[in-house]
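Structural overview for review
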Amino acid sequence: MKPFRTFIFFTAVLLLLFIVALLIPEQGVGITGDLRLSFLSVSGQFREDSLISENKAEQLMAASTVTDDPEADPETDLFSPQDTFGQLTRTAIVPANADSLQLSVYRLQFSEANPVLLGSFFKKLDGLRKGKVRRSRILHFGDSQIENDRMTALVRYRLQQHFGGSGTGLVPAIPLYSGNMAYEQDQEGEWGRYTFFGKRDSTIRHNSYGVMGAFASVPTVEDAGWPYLYFRFNTFRRTGQFNRIRIFLHSYVEEASLVFQVNDTITDTLKHLADGFSVVDYRHHSRVKELKVHMGLPEGGRIYGISFESEGGLQVDNIAMRGGSGLIFSKMNRRQQQSMMEALSPGLIMLQYGGNVVPYINPDFYRRAFKRELQFFKEICPGVPVIVIGPSDMSIKENGVFKTYPNIEPIRDALQRAALESGFAFWDLYEAMGGNNSMPSFVQADPPLASTDYVHFTPLGVNLVAEMFYNALILEYNNHSFEDVSQ
Amino acid sequence: MIRIVLDIFLFDPEKPLIFTRLFFWLFYVVVLLVYSIIYKERAVRNIFLFAVSLFFYWKTSGLFFLILVFSTVSDFYLGNLIHYSRRKRWKKFGVIMSIFINLFMLSYFKYTYLFVDTVNALFNLDIGVVNHLALWSNRLTGTRFDVSMILLPVGISFYTFQTISYTVDVYRGKVDPVKHILDFGFYVSFFPQLVAGPIVRASEFIPQLYKRYSLSYQEFGFALFLILKGLFKKMVIGDYLALNFIDRVFANPTGFSGFENLMALFGYSLQVYVDFSGYTDIAIGVALLLGFRLPRNFNSPYKATSVGNFWKRWHISLSSWLRDYLYIPLGGNRRGRIMTDVNLMITMLLGGLWHGASWQFLVWGGLNGVGLIVYKLWKRISPYEKSKHWAVRFWKILNTFLFITFTRIWFRSESMEKANQFIRQVTREFNASIIPQVLWSYRLVFLIMALGYFTHWVPEGWKQALLNWFIRIPIWAKLLITVLVIFTIYQSWSADLQPFIYFQF
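Residues numbered from 1 in each chain as written. Chains lettered and ligands numbered in written order. Predicted model: local features only at pLDDT ≥ 70, side-chain atom pairs only at ≥ 80, totals over all residues. Heavy atoms only, no water.

1. Overview of the sheet that holds strand β17 (residues 348-352) of chain A
Residues and elements named next belong to chain A. Pairing is mixed across the open sheet formed by six strands, whose spatial order is β3-β21-β18-β17-β4-β16. In this open sheet, the two edge strands, each paired with only one partner strand, are β3 (109-110) and β16 (313-320). Pairing between β17 and strand β18 (residues 386-389): four bridges, direction parallel. Residue pairing across strands places Leu351 opposite Val388, the latter belonging to β18. (Pairing = 2+ DSSP bridges. Helix = DSSP H or I, 4+ residues; strand = E, 2+ residues; numbered from the N terminus.)

2. Observations concerning the environment of Tyr157 of chain A
Residue and element names in this part refer to chain A. Relative to the helices and strands, Tyr157 resides in helix α6 (residues 152-163). On the basis of relative accessibility, which here comes to 16%, the residue Tyr157 falls in the buried class. Considering only alpha carbons, one finds Tyr157 and Pro70, 87 residues apart in sequence, at a separation of 6.9 Å. Once you skip the residues sitting within four places of it in the chain, Tyr157 turns out to touch Pro70, Glu71 and Arg238. (Buried < 20%, exposed > 50% of the residue type's maximum accessible area, 1.4 Å probe, protein only. Contact = heavy atoms within 4.5 Å.)

3. Digging into the confidence of the model for chain B
Here chain B averages 87 in pLDDT, and 91% of its residues register 70 or above. Predicted as a complex, the structure gets a pTM of 0.81 and an ipTM equal to 0.87. (pLDDT = per-residue confidence, 0-100.)

4. Considering the domain arrangement of chain A
How big an interface is tends to be stated in terms of accessible area lost as the parts join. All names here are of chain A. With domains assigned, chain A is organised as domain 1 (3-37), domain 2 (48-165 + 313-487) and domain 3 (170-311). Facing 33 residues of domain 2, the contacting portion of domain 3 comprises 31 residues. In total, domain 2 and domain 3 occlude about 2,900 Å² of area from one another, counting both sides; carbon and sulfur atoms represent 54% of this. The interface formed by domain 2 and domain 3 contains four salt bridges. Between Arg137 and Glu309 there is a salt bridge, and its shortest N-O distance comes to 3.0 Å. In this structure, the connection of domain 2 to domain 3 is made through 14 residue pairs in polar contact (both at pLDDT 80 or more). Those elements that place two or more of their residues in the side of domain 2 that touches domain 3 are β4 (135-142), α6, β16 and α7 (334-344). A total of seven residues in the side of domain 2 that touches domain 3 trace back to one element, the largest contributor, which is α7. Residue composition of the side of domain 2 that touches domain 3, by class: 12 nonpolar, 11 polar and 10 charged. (Domains from an automatic or database assignment. Buried area = accessible area lost by both parts, 1.4 Å probe. Salt bridge = Lys/Arg side-chain N within 4 Å of Asp/Glu carboxyl O. Polar contact = N/O pair within 3.5 Å; in protein donor to acceptor, adjacent residues only side chain to side chain. Nonpolar A, V, L, I, M, F, W, Y, C, P; charged D, E, K, R; others polar.)

5. As for a positive patch on the surface
Residues and elements named next belong to chain B. On the surface, Lys312, Arg337, Lys379 and Arg380 cluster together into a positively charged patch. Of note, Arg380 is situated in helix α16 (residues 359-381). Since its relative accessible area comes to 43%, Arg380 is described here as partly exposed. (Patch = residues over 30% accessible without salt bridge, like charges linked within 9 Å, V, L, I, M, F, W, Y side chains within 5 Å. Areas by Shrake-Rupley, 256 points an atom, 1.4 Å probe, with all protein chains shown as cover. Lys, Arg positive; Asp, Glu negative; His and termini not counted. Charge placed at Lys NZ, Arg CZ, Asp CG, Glu CD.)

6. Considering the confidence of the model for chain A
Residue and element names in this part refer to chain A. Predicted confidence across chain A gives a mean pLDDT of 84, with 87% of residues reaching 70 or more. Low pLDDT, under 50, characterises residues 48-52; the stretch is placed with six contacts to residues that sit more than four places away or in other chains. Predicted confidence for residues 83-103 stays below pLDDT 50, and this span has 29 contacts to residues more than four positions away or in other chains.

7. A short note on the packing of helix α4 (residues 65-84) of chain B against helix α8 (residues 181-189) of chain B
Residues and elements named next belong to chain B. Relative to each other, α4 and α8 sit at 125 degrees, their axes nearing to 10 Å. Considering their axes alone, α4 and α8 lie oblique with respect to each other. Of the two possible hands of crossing, α4 and α8 adopt the one that is right-handed. Between α4, through Leu68, Thr72, Val73, Asp75, Phe76 and Tyr77, and α8, the contact on the second element is made entirely by Ile181, Phe184, Gly185, Val188 and Ser189. (Axes fitted to C-alpha atoms, helices over the stretch in contact; angles between N-to-C directions. Parallel < 35°, antiparallel > 145°, perpendicular 65-115°, else oblique. Left-handed = near helix turned anticlockwise from the far one by under 90°.)

8. Looking at the pattern of salt bridges
Inspection of every chain in the model, using the stated rule, returns 43 salt bridges over all chains. The closest approach of N and O atoms between Glu184 of chain A and Arg424 of chain B, which form a salt bridge, is 3.9 Å. Taken together, the residues Glu184 of chain A in strand β6 (residues 183-188) and Arg424 of chain B in helix α18 (residues 416-428) connect one chain to another.

9. Concerning the environment of Met340 of chain A
Residue and element names in this part refer to chain A. Relative to the helices and strands, Met340 is located in helix α7. Accessibility expressed as a relative area gives 0% for Met340, which makes it buried. Not counting chain neighbours up to four residues away, the residues in contact with Met340 comprise Leu170, Gly210, Val211, Phe248, Phe277 and Tyr304.

10. A look at the sheet that holds strand β11 (residues 256-262) of chain A
All names here are of chain A. Taken together, the five strands give an open sheet; going across it, the order is β6-β9-β14-β11-β12, and neighbouring strands pair in antiparallel fashion. Strand pairing shows two members of the sheet lacking a second neighbour, β6 and β12 (265-273), which therefore form its edges. Across this sheet, the average inter-strand angle for adjacent strands is 15 degrees, counted without regard to direction. Pairing analysis gives six bridges linking β11 to β12, with the strands arranged antiparallel. Opposite Gln261, over in β12, you have Ile266 as the bridge partner.

This is how it looks when you write it as structure tokens:
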């Protein structure tokens, strides 16, 4: 067969495909319900370039030194100690690459009515540095974008380097997913785990789930011994070092007990725990490598969370709610949450939601509903500032091309309005990562910064955006201190 | 208009010239048109295909094509030196220089980061990588290459091995040197196999340079079948599974249950096969339509009955290269049992490193080496080794497949930490209760995975019957089937993303 015939054959294939492309409309041909046949749009071939966004991910990575693990990052930081604030300007903040770093400072937005919203929190931070304040806390709530300590880990590590503190902060007794680098967890007995977010178990009649929106249920006391929770800590990590353990629990009877076994030695037995909600506070002054907490609670007792923290300094808690949209807080038991919040005493709350409602919800409904949740936080944590972090960019695939969900910007706007109208702050993650059509550049980056679901960041990608948030927060801290000096 | 012309001729790293892009097939049609005019003039044909191949590499790798040219020039003249020198010393010098230059280039571009990271980790240093080649070019010619990073030129692992095989074969007297440098350039850079193989031996390919073009109607049908099969395997099975399931799990193993991790591993075992074999199917088909025969590179590898048998079916051109240019020169099986095992292990470890510059690939290669050695011992004592019973064969195939799939944990994981996370999830967080939910929610993914494995494991006779049927049908039917297959591939390529699903609460 001569090459010319091969040429004719391939030309004929291309010609036929061209005719098919002309015949099939750009939006495709519906066959049944979900099934739709589509083909190359001839005009689309010439439009393709306009859909490809600038490669934002590469620019952002070039300005950053983050790695997969915040504790392994080279030290570059926007933080400026207060004593030097006489010379402080934005451009004086300076690690290695000052010019490009400015690119990554995407600033927090404040309500006009409350531009110094974070003042109370920054004063606590100053107090921590100067030894005038013993401890403070940030509660970082979010959806699956932050699970496994993602996003929080970098913010925690950087802040604790400057303001002190160590430990994981609040963690669930029975984790939803493993992989926390600070510890390995195991348990004895058939523990239950119940969440208020996602699929709710209809056998749970109450709505006391604690501030984490989830609790672990203590199993039946076996003849052989009490059920226990076991933790083995990675004491080389900052998050694996702590000297205070707080257990937030609910018992149905008085006379409940807990036994603490540290590094194979029983160190304390707490008896006569009160009926209802209580916080068990245990201190251990040498390094804890292994911990067993034996639960002398009757079946059905609830563990709302355990906090491994340092005696002083800043704690940053990662509270991830897979599939959540941030609309559950006001629906859970107010009194119980309030008690737990009082025990935690946060200096700042961060709410990072929006991604899960992007495909489905009416933005105006979401704005109103989210505002109600913010009002709820105002009531149970009066005076505590809240930063709302919006959704990241997310892509859908249309005719093989990845595009930003049409609903992202309206949802972002809804969260932004809800936050600012409530007098709180907003950080626009979507714009910070490059805005419209930035997600494909995160997925296609080498190494990848986001997963091929075009929704979730990889550990490297999440640390990149976490650093951007940290930079935004610390820039406000630097500027606030500077403005505040004469007051 | 100017933009379109620039798009065609300028290098754009975002738009490489690869088989799965429309632009490649437009390029191929233009090549066929010119080829149909000049194919009878052997010298002109070879020069044309060399020029076209360089253009292909330029569009794929930009200025790295200069490295390809350097490799071509140096190995051509070293080949001549080896052949025409009368003194053995010069012949030896020529072959050593060729091996050194090729391996140095490969090491510089591929292994610098692994080397520097290892030194840093061992001695607690913080040495950075400097691209001295870029630095030298910047100083000498005023270019502005980034000196802080070393990028890997596409296909360098393939063409360096190809040129080493040439000079070694000339040294061993197996082939005569190529007479004209343009012919040699054509052999090194022939575009269908340039970036992902098969690795073509000089002795197989060079004689074809001097033959007239020939292509029977049957061969045309065979080539077209390979191209369509390759595109289908790569785009409908491989790309769909990777995008909608596998990549997500391996990017974040701890976010998924052990069952999902395990399914992703089985999916990956299929994906890596359909991707790679699909690409070489297309390469073989594209080359054949131009009248050049490339060697078979895969032979249903998951039908292998042992690890040794697997390596005779998987990436055949690489495993035979490693056998002929590494294992046998090391001594092969000629120096006793222990040295045979040592040689096998060295070959597999280096073969692992060839696939990628990281410790995971070394582990992967090492595990394959262990598999080969253990099987050698086992077959001496196994009472079933010579049995032809179907159950024995099934058991052997199953074990080999599971072992090879197990080794893929390290082949696919981006780091040792991710590999450990994967193992931890499978062993400690299996979460069997969500299996029905996972299977149902990802039903299309699992259906495609099942289709992929089914088509792999069906008897060879069925596949041959389909191929024969395709070869026999008239050309208009081939035309319609080609259009239909491409239309189907497009449906898969443009399908909606499988949404992220939460199974664990």
